Amino acid sequence: VTIKKGKTFKLKATLTPKNSTDKVTYKSSKSKVTSVSKKGVITAKKKGTTTITVKTSSGKTAKCKVTVK
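The rules behind these values
Residues numbered from 1 in each chain as written. Predicted model: local features only at pLDDT ≥ 70, side-chain atom pairs only at ≥ 80, totals over all residues. Heavy atoms only, no water. Helix = DSSP H or I, 4+ residues; strand = E, 2+ residues; numbered from the N terminus. Polar contact = N/O pair within 3.5 Å; in protein donor to acceptor, adjacent residues only side chain to side chain. Contact = heavy atoms within 4.5 Å. Pairing = 2+ DSSP bridges. Axes fitted to C-alpha atoms, helices over the stretch in contact; angles between N-to-C directions.

**Topic: the side chain of S28**
Okay, so step 1: Examined against the element boundaries, S28 turns out to sit in strand β3 (residues 24-28).
Okay, so step 2: Engagement of the side chain of S28 in a polar contact is seen with the backbone oxygen of K30, the distance being 3.2 Å.
Okay, so step 3: A distance of 2.8 Å separates a polar atom in the side chain of S28 from a polar atom in the side chain of T34.
Okay, so step 4: S28 has contacts with T34, V36, T50, T51 and I52, leaving out every residue within four places of it along the chain.

**Side note on the sheet that holds strand β2 (residues 8-10)**
What holds strands together in a sheet is hydrogen bonding between their backbones, with the strands either parallel or antiparallel.
Okay, so step 1: Read from one edge of the open sheet, three strands run β2-β5-β4, paired in antiparallel fashion. Looking at strand neighbours, the two that pair on one side only are β2 and β4 (34-36), the edges of this open sheet. For this sheet, the mean inter-axis angle between neighbouring strands, taken without regard to orientation, is 20°.
Okay, so step 2: Of the strand pairs in this sheet, β2 and strand β5 (residues 41-44) are connected by three bridges, and their pairing is antiparallel. Across the sheet, F9 pairs through a bridge with I42, a residue of β5.

So, in structure tokens, the structure goes:
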């Protein structure tokens, strides 16, 4: 995903099966470039690239590359 500096973008994690009780956490690999809230809202802070990692309480992960322009 590409975001302009100062803007936000909402990631949506979809768990399967739908009745999963896993909790989801989000983490930015470069907190100076982006921050990410507990609800998956990315805030673009500075030009660059970063990776947002989404992790479930059962240990599964997904990653999203973010470019801030």
